[in-house]
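# An overview of the molecular structure
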Amino acid sequence: EAQVTQNPRYLITVTGKKLTVTCSQNMNHEYMSWYRQDPGLGLRQIYYSMNVEVTDKGDVPEGYKVSRKEKRNFPLILESPSPNQTSLYFCASTSLQGGSYGYTFGSGTRLTVV
Amino acid sequence: GQQLNQSPQSMFIQEGEDVSMNCTSSSIFNTWLWYKQDPGEGPVLLIALYKAGELTSNGRLTAQFGITRKDSFLNISASIPSDVGIYFCAGQKAAGNKLTFGGGTRVLVKP
């Protein structure tokens, strides 16, 4: 089944403790992206990647890092999480071939930083 | 970063009612998309619109791409309980480009 898989689904952590949220897709998509979802603000893009070793900032990149060492994986790294990063995070992917529109989303990771 | 203005923010539906929501932007998009998010899940694509003026249906859902390319609306006809969820509009300037999302419309059932 074609899908985007995120782990973990839920995470509670303390301020300053580094964490990584993993994202993997099995559709051979070139484009991958991370969004955060906050009430009333919709989904805002954190980082995106057009292909392996190619990443760029989205609208709200502060406090986050990403890497794209393999095509299928796009982990989101919080080096020193803070409470304002408490949010619902989504990974998404799409193909850059053949004019594909829209993304396939993962099921989300709910992060709480205390 | 740019956001789309989506309204209403929330609405209550009664089974059988028609409901509508819309999305406006200060800039032009070449594709408009409508997603639905169920509790505990990621957004799922409902309808994609590719041409200004286009009207597209998917079952009880109908969406239109505004002539100015700066707005879109979504209608749900004869609503049913499983229509509850959060509906997001999204604009995309070109294939493979980022999606810019509206703030969402939360659809709830009237008590």
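Now for a description of the structure that goes with this document.

## Quick word on the sheet that holds strand β7 (residues 65–66) of chain A
All names here are of chain A. The sheet built from four strands is open, its strands ordered β1-β3-β8-β7 with antiparallel pairing. With partners counted over all chains shown, the strands left at the sheet margins are β1 (4–7) and β7, one partner each. Where β1 lies against strand β3 (residues 19–25), four bridges are found, and the strand directions are antiparallel. Of the residues in β3, the one forming a bridge with N7 is T22.

## Remarks on the packing of aromatic side chains
By the definition in use, this model includes 13 aromatic pairs over all chains. On the numbers, 5.8 Å between centres and 65° between planes, the contact of A:Y64 with A:Y89 is edge-to-face. Placement of the pair is A:Y64 in the loop between β6 (54–57) and β7 and A:Y89 in strand β9 (residues 87–94), with a sequence separation of 25 residues. Across the pair, exposure class does not vary: A:Y64 and A:Y89 are buried alike. Ring geometry for B:F88 against B:F101: centres 6.2 Å apart, planes inclined by 90°, an arrangement best described as edge-to-face. A residue pair is termed long-range when its members are at least 10 positions apart, and B:F88 in strand β9 (residues 85–92) and B:F101 in strand β10 (residues 99–101) qualify at 13 residues. Assigned by exposure class, B:F88 and B:F101 land together as buried. In textbook terms, an aromatic cluster arises when at least three aromatic residues are bridged by ring pairs, as seen for A:Y31, A:Y35, A:Y48, A:F90, A:Y103, A:F105, B:Y35, B:F88 and B:F101. For the cation-ring pair, B:K93 lies above B:F29, with the distance from its terminal atom to the ring centre recorded as 4.4 Å.

## What about the interface of chain A and chain B?
Facing the 23 residues of chain A at the interface are 23 residues of chain B. Here chain A meets chain B over a buried area of about 1800 Å², counting both sides, of which 54% is carbon and sulfur. Counting across the chain A and chain B interface gives zero salt bridges. Summed over the shared surface of chain A and chain B, the number is six residue pairs in polar contact (both at pLDDT 80 or more). Elements supplying a minimum of two residues to the side of chain A that touches chain B: β4 (31–38), β5 (42–51) and β9 of chain A.

## Quick notes on the side chain of B:S79
Counting through the fold element by element, B:S79 comes out in the loop between β8 (71–76) and β9. Here B:S79 is in contact with B:I13, B:Q14, B:E15, B:G16, B:E17 and B:R60, once residues within four sequence places are set aside.

## Here's the deal with the state of the cysteines
Under the counting rule described, the total for this entry stands at two disulfides over all chains. Here A:C23 pairs with A:C91 through a disulfide, and the sulfurs are 1.9 Å apart. Handedness here is read from the sign of the S-S torsion; for A:C23 and A:C91, about -75°, the answer is left-handed. In this pair, A:C23 sits in strand β3 while A:C91 sits in strand β9, placing the two residues 68 residues apart along the sequence. The pair formed by A:C23 and A:C91 is uniform in burial state, with each residue classed as buried. Two residues share a disulfide in this structure: B:C23 and B:C89, whose sulfurs sit 1.7 Å from each other. Of this pair, B:C23 sits in strand β3 (residues 19–24) while B:C89 sits in strand β9, and the two are 66 residues apart along the sequence. Judged on exposure class, the residue B:C23 and its partner B:C89 are both buried.

Quick notes on the rules
Residues numbered from 1 in each chain as written. Chains lettered and ligands numbered in written order. Predicted model: local features only at pLDDT ≥ 70, side-chain atom pairs only at ≥ 80, totals over all residues. Heavy atoms only, no water. Pairing = 2+ DSSP bridges. Helix = DSSP H or I, 4+ residues; strand = E, 2+ residues; numbered from the N terminus. Phe/Tyr/Trp six-rings, centres within 6.5 Å; stacked < 30°, edge-to-face > 60°. Buried < 20%, exposed > 50% of the residue type's maximum accessible area, 1.4 Å probe, protein only. Lys NZ or Arg CZ within 6 Å of the ring centre and 35° of its normal. Contact = heavy atoms within 4.5 Å. Buried area = accessible area lost by both parts, 1.4 Å probe. Salt bridge = Lys/Arg side-chain N within 4 Å of Asp/Glu carboxyl O. Polar contact = N/O pair within 3.5 Å; in protein donor to acceptor, adjacent residues only side chain to side chain. Disulfide = S-S within 2.5 Å.

Read these as layout, nothing more, since geometry by itself doesn't imply function.
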